[in-house]
Amino acid sequence: MRRERMEPFLKGGKGMLLAYDQGLEHGPSTDFDDRNIDPSFVMDVAAKGGFTGVVFQKGVAERFYSGKVPLIVKVNGKTSLPKGEPVSRQVCSVEHAVSMGAKGVGYTIYLGSGLEAEMLSEFGRVQEAAHERGLAAIAWVYPRGAAVQNDVSKEIVSYAARAGLELGADAVKVKYTGDSESFSWAVKAAAGVKVFMSGGPKAPTDEAFLEQVQGVMRAGGAGVAVGRNVWQNQDPQGMAAKLRAAIFGA
Amino acid sequence: MRRERMEPFLKGGKGMLLAYDQGLEHGPSTDFDDRNIDPSFVMDVAAKGGFTGVVFQKGVAERFYSGKVPLIVKVNGKTSLPKGEPVSRQVCSVEHAVSMGAKGVGYTIYLGSGLEAEMLSEFGRVQEAAHERGLAAIAWVYPRGAAVQNDVSKEIVSYAARAGLELGADAVKVKYTGDSESFSWAVKAAAGVKVFMSGGPKAPTDEAFLEQVQGVMRAGGAGVAVGRNVWQNQDPQGMAAKLRAAIFGA
Amino acid sequence: MRRERMEPFLKGGKGMLLAYDQGLEHGPSTDFDDRNIDPSFVMDVAAKGGFTGVVFQKGVAERFYSGKVPLIVKVNGKTSLPKGEPVSRQVCSVEHAVSMGAKGVGYTIYLGSGLEAEMLSEFGRVQEAAHERGLAAIAWVYPRGAAVQNDVSKEIVSYAARAGLELGADAVKVKYTGDSESFSWAVKAAAGVKVFMSGGPKAPTDEAFLEQVQGVMRAGGAGVAVGRNVWQNQDPQGMAAKLRAAIFGA
Amino acid sequence: MRRERMEPFLKGGKGMLLAYDQGLEHGPSTDFDDRNIDPSFVMDVAAKGGFTGVVFQKGVAERFYSGKVPLIVKVNGKTSLPKGEPVSRQVCSVEHAVSMGAKGVGYTIYLGSGLEAEMLSEFGRVQEAAHERGLAAIAWVYPRGAAVQNDVSKEIVSYAARAGLELGADAVKVKYTGDSESFSWAVKAAAGVKVFMSGGPKAPTDEAFLEQVQGVMRAGGAGVAVGRNVWQNQDPQGMAAKLRAAIFGA
Amino acid sequence: MRRERMEPFLKGGKGMLLAYDQGLEHGPSTDFDDRNIDPSFVMDVAAKGGFTGVVFQKGVAERFYSGKVPLIVKVNGKTSLPKGEPVSRQVCSVEHAVSMGAKGVGYTIYLGSGLEAEMLSEFGRVQEAAHERGLAAIAWVYPRGAAVQNDVSKEIVSYAARAGLELGADAVKVKYTGDSESFSWAVKAAAGVKVFMSGGPKAPTDEAFLEQVQGVMRAGGAGVAVGRNVWQNQDPQGMAAKLRAAIFGA
């Protein structure tokens, strides 16, 4: 059952997800250029690049999802504009995600936010609705707020991974700790929940990013949910090939 | 499907909407005179002026909608009186809008407000309810609040347009950036979602306003949602004719 | 349809409503004496005085409504004790109001309050529930809060009246502006929604109050929703007779 | 109908209720000793003492209600620990109260609290749910908060009583004003709603307390809802007998 | 009925529960090592150690519950990261807990928190949902916040226990007061509700912890809900044996 829910997004237990919700989370002028501002370009990168899943907000999924890669609909979201305690609320029902062909839903939780309780509780309902319909519930867990000094420390990243397990996520997306050994503690904390590294901003070189991915895989991670490091890349297919090698070997 | 939802409001893919919710948003003494305070005058302007849609709050629609122009019911609203973080909450159900003959619903989102999450979440529900009934969901997206220095910058307007896409709007109403080139970035960001310029306050001359409209059309915008520049105009039908020319050509 | 909803409360398009929710809104020691603290006294005044409607909170309606005058149940309420932004929340369902024989429901909106959004949204639901059951939805609209310097200015009173129209009220109760000409602007802003003057505290003389009523009627208002100026009056029936003359003529 | 709802708790129109929710409201160490900490002791006092009703929170009712005295379940509650504006929220559904054999429900409203609106609104729903099932809805009305200087003044106590009437309570529990004459104003304000005096902390002598009860009865009150003055009493049955004499005469 | 709900977790009226929700409440780096970070290790300890119940969050239950020990699902939770008034909100529905084979649900209430009302109210709904399905509702009651100086005083711990009774819990988990005599007051306050001591952080020696357990049992407590003192122990089975002796005797 559990395994079946993540199956659509895995190859040999590993996964390579293409994330593209930055238009809402960061705004088009921060992350996009003339090419990657077009969702069909990114849909195409996902399909040709051998990604095992693609992550869209509902509006992008409704218009651009081609069906060629399994779909994860991000069901909550926020912009980068508001100040104050971070909170991201549900903008898409699980039923609606199903109607668009999604095999999984993504939900961001800002651990440590003064509004953490709202997100934990809402994720609880999303997780149950997703599981009733056979969809994977994937938690983006980002500790943030006044209480969080270093959001890539071993302690904090493993806390994020563990929260994903405890709350019933099928997979969790967390930041990289910087080295494989400390990341393996987060993988252990997740206790079988698939751990994906959040790609983050474009790394200075492909190699720098691939090193992180290799560290994740050595640590027992499931793979990576990457966005900017692929679709901001001059050669997205080249980068996709390098990622496939790093994640699936061969 | 998607195209069909906006079809009632378009002619050759372009649209010219007459907005008239200023009585609630700004108050009658700010925007109205003896003529345009009367909704039947405005309904008449819409019908005779060749507008492809008219935007009313529920109460005005219930009493004055004549059926001669496709109807968009604004389903949230606020007055200009409260201080503090801007928030506009739902005042009309989608079911009720349908019962009045609406083919679309409008919803304002103040991106960047401390209460942004409430509006994103509520729009999510409105959008799904509208689509279930075949209505267009149109987002008025206005970045506002302490975090927003310049609400007509290319960055901010394109963020608004993109948010509309990501959240599943069929069309988005945003402010003009001031020039066609920067506005074309917002149109690109919307990635196929119809982009309407918000008319805003009466421009000093008709020509000044028409220049903006031409800029929008050159940028690939769908048209304009205009209010004061038409019904505050000495010659609303003259202005409507000029707008038709600017938007639909011919 | 619309007209039918207010019909029970009108005679020749005019109305004279007796309001008696001050026990909750202000407290008995502020407004009542040994006579008018008794709701049956007030019910009697309404019946004998030729009022076209009587306004009670649910508890008073349940115990004292005699059926001799059409009933409006006030479905939200607050006391005068709390400090902070004014807010009045629903205390009676529309279904319950119907079960008591009500032909209309009243709801107070404090425009300009920091909690305005809650009331606008709740009134939206009340209005739809009322209309589904054929009841009139009457909005008491009182601008209040830090943003409102003068709550009887032409601008503010007309804003209140217009808000009633836009939100779908069948009638609106607002304060008097002080003169007939400025009040006529509020009547125009309401665009056909029946405008009732809120009686307010007991005027120094009957004549002073009647002058206000005459001003309202000259301005095209529908009548008055009066409380203290009648049931605090030494001679309530005498005052009722004078009001009938001022409102219905003859 | 109305009369029938309070009938179970009255004898000749008068009532003597034993209240025992202090374990939650004040804590066991504040109010209890080795004897009265045991709910079966208090249930026994109620039965043998001729009380016409007993007031328990749901958990005590589930375990200790013997069926020998009509039951009122207190459906909201709070502890004395939190600082800030007082608020007491629903902890027991009316359906659940019915399932335990309750003939009435009690609900505390802190008039004047910054969270007054939440309680007024929730009581509105409780009252309707109770009446649908034939149960009495009894309001504990305690003005409290920064705005309330003297919570036993004639003005404030009568405001509490009146609020009970307006909100549709079948009976109201309020504090004593200190003398019969001023309390009779509160009884008048309640206009037929049964007014019970809240017993409050143990009085220095039985006589001091009985004098209050006599004052209440002379003022036309319905009786008393007493707790500590009975079950903290050395001789609860003796005190019960004195109360019966004071309330029912003979 | 009542007894039946706790029966699965008791042996001769006593219980020994293994708690393992610290991964969410404290984070893996605070409480776990390479061994006990693995839920299957803890599940195994529970089964082999003769525990009468095991406490998991939903995600751990879904993946690691073996069915060998009766299950309590913790249905609310929070992390230790947010500052401000403590609040823990529901993350798992009672229906979902049932679907995982739970015979009981656990819910934490922070008495004294500025958000106490939210938790009391939510526990009220959880308790009724649990009882409808025959599950035990177990309250973790932890007084906390500015108003609570000493959370292990006799007054505070007995308040916690009593709150559990009043709110309808079948069992309550509270901190130890430090001595058996004062703890017996808490047991009395609970009036038959099973009182479990919360194990708390690892005690310096096994004997120190066992002394507390013996104090609880002498005071009439039902047993202990222990976590770190067992699964952080070098010899969990040895410690389990000592606990069985202390709780069940022999």
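Criteria and thresholds
- Residues numbered from 1 in each chain as written.
- Chains lettered and ligands numbered in written order.
- Predicted model: local features only at pLDDT ≥ 70, side-chain atom pairs only at ≥ 80, totals over all residues.
- Helix = DSSP H or I, 4+ residues; strand = E, 2+ residues; numbered from the N terminus.
- Rg over C-alpha atoms; globule rule 2.2 N^0.38 Å.
- Buried ≥ 20, exposed ≤ 12 C-beta atoms within 10 Å, placed from the backbone.
- Contact = placed C-beta atoms within 7 Å.
- Nonpolar A, V, L, I, M, F, W, Y, C, P; charged D, E, K, R; others polar.
- Pairing = 2+ DSSP bridges.
- Axes fitted to C-alpha atoms, helices over the stretch in contact; angles between N-to-C directions.
- Least-squares fit on C-alpha atoms with pLDDT ≥ 70 in both.
- Right-handed = clockwise from strand over helix to strand, strands pointing away.
- Parallel < 35°, antiparallel > 145°, perpendicular 65-115°, else oblique.
- Left-handed = near helix turned anticlockwise from the far one by under 90°.
- Core = buried A, V, L, I, M, F, W, Y, C linked by C-beta atoms within 7 Å.
- Expected span 1.5 Å × (residues − 1).
- Arc of directions from axis to C-beta.

(A) Focus on the overall build of chain A. Of regular secondary structure, chain A possesses 12 helices and 10 strands. Computed over C-alpha atoms, the radius of gyration of chain A comes to 16 Å, within 12% of the 18 Å expected from 2.2 N^0.38 for 250 residues, which places it in the range of a compact globule. Taken along its principal axes, the extent of the C-alpha atoms in chain A is 40 × 40 × 40 Å. Relative to its 250 residues, chain A shows a buried fraction of 64%. By sequence separation, contacts in chain A at least 24 residues apart represent 70% of the contacts at least 6 residues apart.

(B) Expanded view of the interface of chain A and chain E. At the interface, 31 residues of chain A touch 30 residues of chain E. Put simply, the parts of the chain that give the side of chain A that touches chain E at least two residues each are α7 (116–132), α8 (154–166) and α9 (180–190) of chain A. Per element, the largest residue contribution to the side of chain A that touches chain E is eight residues, and it comes from α8(A). Looking at the side of chain A that touches chain E, its residues break down into 14 nonpolar, nine polar and eight charged.

(C) Just the sheet that holds strand β1 (residues 15–19) of chain C, in detail. All names here are of chain C. Strand order around the closed barrel formed by eight strands is β1-β2-β3-β6-β7-β8-β9-β10, with parallel pairing between neighbours. Averaged over neighbouring strand pairs, the angle between their axes works out to 25 degrees when direction is ignored. With four bridges connecting them, strand β8 (residues 171–174) and strand β9 (residues 194–198) associate as parallel partners. For K173, the partnering residue across the bridge sits in β9 and is F196.

(D) Region of interest: the interface of chain B and chain C. Contact with chain B, which involves 30 residues of that partner, is made by 31 residues of chain C. Residue assignment for the side of chain B that touches chain C shows that the elements contributing at least two residues are α2 (22–25), α3 (28–31), α5 (58–64) and β5 (89–90) of chain B. Looking at which element gives the most residues to the side of chain B that touches chain C, the answer is α5(B), with five residues. Per-class residue counts for the side of chain B that touches chain C are 10 nonpolar, 12 polar and eight charged.

(E) Looking closely at the relation of the copies chain B and chain C. Mapping chain B onto chain C calls for a rotation angle of 72 degrees and an axial translation of 0.0 Å; the resulting RMSD is 0.0 Å. The superposition operator between the copies reduces to a five-fold rotation axis. Proximity to the rotation axis, assessed at the C-alpha, singles out E118(B) in chain B; its C-alpha lies 10 Å from the axis.

(F) Fine view of the arrangement of the chains. One finds no contact linking chain A with chain C; the least C-alpha distance across the pair is 18 Å. Separated in space, chain B and chain E share no contact, their closest pair of C-alpha atoms being 19 Å apart.

(G) Fine view of the pairing of strand β6 (residues 104–109) of chain A. All names here are of chain A. The buried fraction of β6 amounts to six of the six residues, a majority that puts the element mostly inside the structure. Side-chain alternation along β6 places G104, G106 and T108 on one buried face and V105, Y107 and I109 on a second face that is also buried. Once you follow β6 into α7 and on to strand β7 (residues 136–141), the crossover reads as right-handed.

(H) Structural context of the packing of helix α8 (residues 154–166) of chain B against helix α9 (residues 180–190) of chain B. Residue and element names in this part refer to chain B. Between α8 and α9, the least distance of the axes is 7 Å, while the angle of their chain directions is 20 degrees. Here α8 is positioned roughly parallel relative to α9, judged by the angle of their axes. Regarding α8 and α9, the two cross each other, and that crossing is right-handed. On the side of α8, the interface is formed by K154, V157, S158, A161, R162, G164 and L165, while α9 contributes S182, W185, A186, A189 and A190. Considering only residue class, the contact of α8 with α9 consists of seven nonpolar, three polar and two charged.

(I) Expanded view of the nonpolar core. One finds V105(A), V105(B), V105(C), V105(D) and V105(E) to be the most contacted residues of the largest nonpolar core, which totals 465 residues. Residues in contact with V105(E), not counting those within four places in the same chain, are I72(E), V73(E), V75(E), V94(E), A97(E), V126(E), A130(E), L135(E), A137(E) and I138(E).

(J) Expanded view of the environment of I138(E). All names here are of chain E. If you trace the backbone, I138 turns up in strand β7 (residues 136–141). Overall, the presence of 32 C-beta atoms within 10 Å leaves I138 in the buried class. In this structure I138 touches I72, G104, V105, G106, A169, D170, A171 and K173, once residues within four positions along its chain are discounted.

(K) The environment of V91(A), seen in detail. The residue V91(A) is located in the loop between β5 (89–90) and α6 (94–99) in this model. Residues V91(A) and G53(A) lie 38 residues apart in sequence; the distance between their C-alpha atoms is 21 Å. Non-local contacts of V91(A), meaning those with residues more than four positions away in its chain, are made with K58(A), V75(A), N76(A), G77(A), L120(B), S121(B), G124(B) and L167(B).

(L) Quick peek at the environment of F32(D). Residues and elements named next belong to chain D. The topology assignment puts F32 in the loop between α3 (28–31) and α4 (39–48). For F32, a count of 24 C-beta atoms within 10 Å puts it in the buried group. Once the C-alpha coordinates of F32 and S113 are considered, the two residues, 81 residues apart in sequence, prove to be 28 Å apart.

(M) Representation of the pairing of strand β10 (residues 223–226) of chain C. Residue and element names in this part refer to chain C. Pairing geometry for β1 and β10, over four bridges, is parallel. Residue G15 lies in a different strand from β10, and its bridge partner there is G223. Bridge analysis of β9 against β10 gives three bridges, and the strand direction is parallel. Along β10, the bridge assignment pairs S198 with A225.

(N) The arrangement of the sheet that holds strand β3 (residues 71–74) of chain B in detail. Residue and element names in this part refer to chain B. The eight strands lie next to each other as β1-β2-β3-β6-β7-β8-β9-β10, forming a closed barrel whose pairing is parallel. Neighbour to neighbour, the strand axes of the sheet diverge by 25 degrees on average, direction disregarded. When strand β1 (residues 15–19) meets strand β2 (residues 53–57), the two strands line up parallel, connected through three bridges. In the sheet register, L17 faces β2, and the bridge partner there is G53. On the sheet, α8 packs against β7 (136–141), β8 (171–174) and β9 (194–198) and is oriented at approximately 160 degrees with respect to β8.

(O) Spatial organisation of helix α12 (residues 236–248) of chain D. Residue and element names in this part refer to chain D. Here α12 spans 17 Å end to end across 13 residues, near enough to the 18 Å set by a 1.5 Å rise per residue. Taken together, the buried positions of α12 are occupied by P236, M239, A240, L243, A246 and I247. Summarising the axial view, the buried residues of α12 lie within an arc of 125 degrees, below the 170-degree limit, and thus occupy one face. Tucked into the core, α12 has its buried residues touching β1 (15–19), α4, α10 (206–218), β10 (223–226) and α11 (228–231). Downstream of α12 by a residue or two, G249 has a phi angle that is positive, lying close to 70 degrees.

(P) Up close: the packing of α10(D) against α12(D). Residue and element names in this part refer to chain D. At a closest axis distance of 9 Å, the pairing of α10 and α12 adopts a crossing angle of 25 degrees. With respect to each other, α10 and α12 are oriented roughly parallel. Relative to α12, the crossing made by α10 is right-handed. Facing α10, whose interface residues are D206, L210, V213, Q214 and M217, α12 presents M239, K242, L243, A246 and I247. Per-class residue counts for the contact of α10 with α12 are seven nonpolar, one polar and two charged.

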